[in-house]
Amino acid sequence: MDSQNQPVRSGLSAWAKRLGVLGALGAVALLSGCSKEHWEVGFLPPESKGATTHTDDYISLWNGGWIAALIVGFVTWGLLLWCVVAYRRRKHERGLPVQLAYNMPIEILYTVVPIILVVGFFFETVKAIEQTSNDDTPGEVVIEVVGKQWAWDFNYVTEDVHYSSTQVNLDGTEAAADKVPVLYLPSNTDLEIKLRSRDVIHSFWVPAFLEKRDMIPGRESSLHFQALKEGKYMGKCAELCGEFHSEMIFDVEVVPMDAYIEYTDSLREAGNTGTLGPEYDRTDWYKNPHEGGDDE
Ligand SMILES: [Cu+2]
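For every chain, the first residue of the written sequence is number 1, and numbering continues from 1 along that sequence. With the structure being a predicted model, the display of local features is reserved for residues of pLDDT at least 70 and the display and counting of side-chain atom pairs for 80 or more, all residues being used for whole-chain, interface and lining totals.

### A closer look at the overall build of the chain
Going by this rule: Helix and strand assignments come from DSSP, with helices taken as H or I runs of at least 4 residues and strands as E runs of at least 2, each series counted from the N terminus. Any residue with 12 or fewer other C-beta atoms within 10 Å of its own C-beta is exposed, any with 20 or more is buried, and the rest are partly exposed; the C-beta atoms used are placed from the backbone. Note that contacts rest on C-beta atoms placed from the backbone: two residues are in contact if these are within 7 Å.
Secondary structure summary: the chain contains 5 helices and 10 strands in total. Out of the 296 residues belonging to the chain, those deemed buried represent 20%. In the chain, the proportion of contacts linking residues at least 24 apart, taken out of those at least 6 apart, comes to 68%.

Following this line, the structure appears as structure tokens:
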């Protein structure tokens, strides 16, 4: 057996070269197409930076988690590689190497560092949740977003007007983009976005806002935040909700308050007064749970 073992080729230099080439290739693949903006937000959507009163908290939790994990990773990979190289079997050696165990300082390190990490992650997560998911600042403007197979109704509750949409037929042409329903949000205003569904479970997701909420028939959930950066964002349903789930998309326009008022006034002038209530729900099994559907 031993005679078949080829001795390690002369020294470390060949291995170092191979590792160097691999590392360089990996770095090129990793870094190509990545700009400073991508790094700053930890490869979350670049437009998420400063988009709402919550996004920066999410980004720093995300980046902090990655930085801690990478530090642990580099130390671990470094130690592994060092062991592989320093304790490799030399040309003249036969049999098993000297077996080592019970290194007290290392074992204490193994125990203490993970505890510090877990406690750190826990408190950083609680802090972020307090500032984001648990935010229930009363909305100066209340908007109800209603999901339905496969489109959206937007009830501008404070202004008592509504906008109703139908499914966007994504036919591969640019024209489809003009038919995407648009949700208008006034900037720098306390928003309460109420979410509900008319039929099956949908999910409200504006990727740039870094928040996603399921819309469950018979239950109301909500998001409270301020949109800080004016502009257009993409939104979509993030819960597989049937055949045309992929066409259940919308846009968000964050505009100054006067432009928002102008828009809701235009809805009123078009006759879209009042809000679209549960009378348009397709199913009401949750109101009579014993007549079909699951009890809660
Ligand atoms: Cu959906």
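### Some points on the sheet that holds strand E9 (residues 231-237)
Let me state the cut-off plainly: Only strands that DSSP links by at least two bridges are regarded as paired with each other. Note on geometry: axes are C-alpha line fits, over the in-contact stretch for helices, and angles between N-to-C directions span 0 to 180 degrees.
On the basis of which strands lie adjacent, the open sheet formed by 5 strands has the order E4-E10-E9-E6-E7 and mixed pairing. Two strands close off the open sheet at either side, each with one partner strand: strand E4 (182-186) and strand E7 (211-215). Adjacent strand axes in the sheet meet at a mean angle of 25 degrees when their direction is disregarded.

### Here we look at unusual backbone geometry
A cis geometry characterises the amide bond from Gln149 onward to Trp150, with omega recorded as -5 degrees. Positionally, Trp150 belongs in the loop between strand E1 (141-148) and strand E2 (151-156). Unlike most non-glycine residues, Asp160 shows phi in positive territory, near 55 degrees. Checked against the element boundaries, Asp160 lands in the loop between E2 and strand E3 (161-164). Phi at Asn188 takes a positive value of approximately 50 degrees, unusual for a residue other than glycine.

### Some details on the confidence of the model for the chain
Note: predicted coordinates in regions of low pLDDT should not be interpreted at a detailed level. Test applied: Values of pLDDT, which run from 0 to 100, indicate the predictor's confidence residue by residue.
Mean pLDDT for the chain: 89, with 90% of residues reaching 70 or above. Per-residue pLDDT stays below 50 along residues 1-9; that stretch engages in 5 contacts with residues further than four places along the chain or on separate chains.

### Observations regarding the UniProt feature "transmembrane region" (unreviewed entry) in the chain
Formally: UniProt positions are given in the numbering used here, feature names are shortened, and annotations may be inferred rather than shown by experiment.
UniProt annotation of "transmembrane region" (unreviewed entry) refers to residues 66-88 and 100-123 when read in the numbering used here. In this annotation, residues 66-88 is assigned 91% helix and 0% strand; the end-to-end C-alpha distance for the span is 32 Å. Segment residues 100-123 splits into 83% helix and 0% strand. End C-alpha atoms: 37 Å apart.

### What about the sheet that holds strand E5 (residues 191-197)?
What the 5 strands build is an open sheet, ordered E3-E2-E1-E5-E8; its pairing is mixed. Sheet topology places E3 and strand E8 (221-225) at the edges, where each strand pairs with a single neighbour. The average undirected angle you get between the axes of adjacent strands in this sheet is 20 degrees. One ladder, built from 6 bridges, connects E1 with E2; its direction is antiparallel. By the bridge assignment for E2, Glu144 is matched with Asn155.

### As for helix H5 (residues 257-269)
Because each turn of an α-helix spans 3.6 residues, side chains separated by three or four positions in sequence point in the same direction. For clarity, the threshold we go by: Expected helix span is taken as 1.5 Å per residue step, with the number of steps being one fewer than the number of residues.
For H5, with 13 residues, the first-to-last C-alpha span of 18 Å sits near the 18 Å given by 1.5 Å per residue. Downstream of H5 by one or two residues, Gly271 has phi in the positive range, about 90 degrees.

### Thoughts on the packing of helix H3 (residues 55-86) against helix H4 (residues 104-131)
Rules: To sort the angles, those under 35 degrees are grouped as roughly parallel, those over 145 as roughly antiparallel, those from 65 to 115 as roughly perpendicular, and the leftovers as oblique. Each residue receives one of three labels: charged for Asp, Glu, Lys and Arg, nonpolar for Ala, Val, Leu, Ile, Met, Phe, Trp, Tyr, Cys and Pro, and polar for the others, Gly being one of them.
As a packed pair, H3 and H4 sit with axes 9 Å apart at the nearest point and diverge in direction by 170 degrees. In terms of orientation, H3 lies roughly antiparallel with respect to H4. Contact residues: Asp57, Tyr58, Leu61, Gly64, Gly65 and Ala68 in H3; Leu117, Phe121, Glu124, Thr125, Ala128 and Gln131 in H4. Considered class by class, the residues forming the contact of H3 with H4 number 6 nonpolar, 4 polar and 2 charged.

### Examining the environment of Ser48
Structurally, Ser48 can be placed in the loop between helix H2 (36-40) and H3. Residues Ser48 and Leu210, spaced 162 residues apart in sequence, show a C-alpha to C-alpha distance of 7.0 Å.

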